[in-house]
Amino acid sequence: MDTETVEVDRRELEEKVKQVYRAVALNPTGSYHFKMGRGLAEQLGYPPQLLDTIPAGALESFAGVGYFFDLADLIPGEKVLDLGSGSGTDVFSAAAMVGTTGRVVGLDMTEEQLDKAERLRNAGGYPHVTFTKGRIEGLPFADGSFDCVISNGVINLSPDKPSVFREAARVLRPGGRLAIADIVTAVPLTAKIVCNTDLWAACIGGAAQTDSYQETIAGAGFTIETSRANSYEFISDRAQAATAKYGVSSVSFLARKGALDPAPK
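Residues numbered from 1 in each chain as written. Predicted model: local features only at pLDDT ≥ 70, side-chain atom pairs only at ≥ 80, totals over all residues. Heavy atoms only, no water.

A. Representation of the overall build of the protein within the structure. Looking only at helices and strands, the protein has twelve helices and eight strands in total. Relative to its length of 265 residues, the protein is compact, with a C-alpha radius of gyration of 17 Å against a globular reference of 18 Å. The C-alpha extent of the protein, read off along each of the three principal axes, is 50 × 40 × 30 Å. Across the 265 residues in the protein, those meeting the buried criterion constitute 57%. Put simply, of all contacts in the protein between residues at least 6 apart along the chain, 78% involve residues at least 24 apart. Of the roughly 10,800 Å² of accessible surface on the protein, a fraction of 52% belongs to carbon and sulfur atoms. (Helix = DSSP H or I, 4+ residues; strand = E, 2+ residues; numbered from the N terminus. Rg over C-alpha atoms; globule rule 2.2 N^0.38 Å. Buried < 20%, exposed > 50% of the residue type's maximum accessible area, 1.4 Å probe, protein only. Contact = heavy atoms within 4.5 Å. Areas by Shrake-Rupley, 256 points an atom, 1.4 Å probe, with all protein chains shown as cover.)

B. Highlighting the packing of helix α1 (residues 10-26) against helix α7 (residues 111-124). Where α1 meets α7, the axes come as close as 8 Å, and the angle between the chain directions of the two elements is 30°. In this view, α1 runs roughly parallel relative to α7, as classed from their interaxial angle. With respect to the hand of their crossing, α1 and α7 are arranged in left-handed fashion. On the side of α1, the interface is formed by Tyr21, Arg22, Val24, Ala25 and Leu26, while α7 contributes Glu112, Gln113 and Lys116. Split by residue class, the contact of α1 with α7 holds four nonpolar, one polar and three charged. (Axes fitted to C-alpha atoms, helices over the stretch in contact; angles between N-to-C directions. Parallel < 35°, antiparallel > 145°, perpendicular 65-115°, else oblique. Left-handed = near helix turned anticlockwise from the far one by under 90°. Nonpolar A, V, L, I, M, F, W, Y, C, P; charged D, E, K, R; others polar.)

C. View of the pattern of salt bridges. Following the criterion strictly, the structure yields 15 salt bridges and no others. As a salt-bridge pair, Arg121 and Glu118 come within 3.0 Å of each other at their nearest N and O atoms. Placement of the pair is Arg121 and Glu118 together in helix α7, with a separation of three residues, close to one helical turn. On the basis of relative accessible area, Glu118 is assigned to the partly exposed category, the value being 27%. (Salt bridge = Lys/Arg side-chain N within 4 Å of Asp/Glu carboxyl O.)

D. Highlighting helix α6 (residues 89-98). Of all ten residues that make up α6, eight are buried, and the element is covered over most of its length. Residues of α6 that are buried: Thr89, Asp90, Val91, Phe92, Ser93, Ala94, Ala95 and Val98. Just past α6, the residue Gly99 takes up positive phi, approximately 70°.

E. Representation of unusual backbone geometry within the structure. One non-glycine residue with positive phi stands out, namely Asp73, at about 50°. Relative to the elements of secondary structure, Asp73 occurs in the loop between α5 (69-72) and β1 (79-83).

F. Seen up close, the confidence of the model for the protein. Taken residue by residue, the protein gives an average pLDDT of 91. The fraction at 70 or more is 94%. When the criterion is pLDDT under 50, residues 1-5 qualifies, and its contacts beyond four places in sequence or with other chains add up to 16 contacts. A low-confidence stretch, residues 260-265 stays under pLDDT 50, and its non-local contacts, those more than four residues away or across chains, total five contacts. (pLDDT = per-residue confidence, 0-100.)

G. The arrangement of the packing of helix α8 (residues 161-171) against helix α11 (residues 210-219) in detail. At a closest axis distance of 8 Å, the pairing of α8 and α11 adopts a crossing angle of 40°. By the criterion of interaxial angle, the relationship of α8 to α11 is oblique. α8 and α11 meet at a crossing whose hand is right-handed. In this structure, α8 uses Lys161, Pro162 and Phe165 to contact α11, whose residues at the interface are Tyr213, Thr216 and Ile217. Of the residues that constitute the contact of α8 with α11, the class distribution is four nonpolar, one polar and one charged.

H. Molecular detail of α8. Counting buried positions along α8 yields eight of eleven residues, so the element is predominantly enclosed. When we look at burial in α8, the residues that qualify are Lys161, Ser163, Val164, Phe165, Glu167, Ala168, Ala169 and Val171.

I. Layout of the environment of Leu178. The topology assignment puts Leu178 in strand β5 (residues 172-185). Considering only alpha carbons, one finds Leu178 and Thr130, 48 residues apart in sequence, at a separation of 19 Å. The contacts of Leu178, once residues within four sequence positions are left out, are Val149, Phe165, Ala168, Leu172, Ile217, Phe222, Phe253, Leu254 and Ala255.

Shown next as structure tokens:
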């Protein structure tokens with residue numbers, strides 16, 4: 001059974017996700033199904049010298065599941081969109097790579113995460129960074145606005161993944177890149193797990209089976225160029241049990257939209 005064929009209460013799911021990530025923003029030392037903070041970022045492969053440039057307040061609420069910036073290969077002047085930007089660790093990382101001639105936009109639906117990220121942006125002086133409220137299934141940006149779309153452990157939280165990837169493709173220029181890390185499964189999850197909003201918010205209940213996930217990316221007009229497993233594990237007993245039974249894991253992907261831009265900027 002595929003997560004796309006099972007109905008989850010979307011209103012309840014959104015409230016549960018907001019509840020969890022509100023707590024991640026306001027109480028980063030709390031107890032969660034997953035690890036958080038700088039130690040997690042270093043475990044996933046973020047270079048310490050990059051993390052030294054990131055506001056500590058963003059890092060303390062970092063709850064990503066993988067590293068992909070080496071795949072994204074960002075260069076100065078590029079425009080980048082982060083889907084589900086949280087408190088901003090990946091936004092500020094991208095900002096360091098594209099420089100002040102570039103632009104980085106973080107999109108999130110949780111007010112507390114956005115408020116925290118905005119405070120950090122203002123305090124740190126990031127004129128080329130903005131944060132916007134919105135949902136990843138319906139992006140408030142024009143077609144072809146970005147060179148690269150990134151996302152870290154967020155797309156699995158959406159009950160409508162085809163829309164997420166279609167929207168990512170829409171806002172990318174031709175030849176633009178999609179560089180993401182997310183949670184997938186070796187075998188499909190049961191309906192009982194898929195309908196459990198607690199496990200969705202823990203990044204497990206909404207995880208798609210790997211082949212289905214890749215087919216959804218390709219169906220949106222992307223060509224997957226690279227995929228690799230990440231060193232990531234959940235920490236609660238419940239999450240670990242689901243991981244062992246269904247082969248839950250973290251994978252990073254690099255995909256490219258359509259043909260290369262004949263006149264890249």
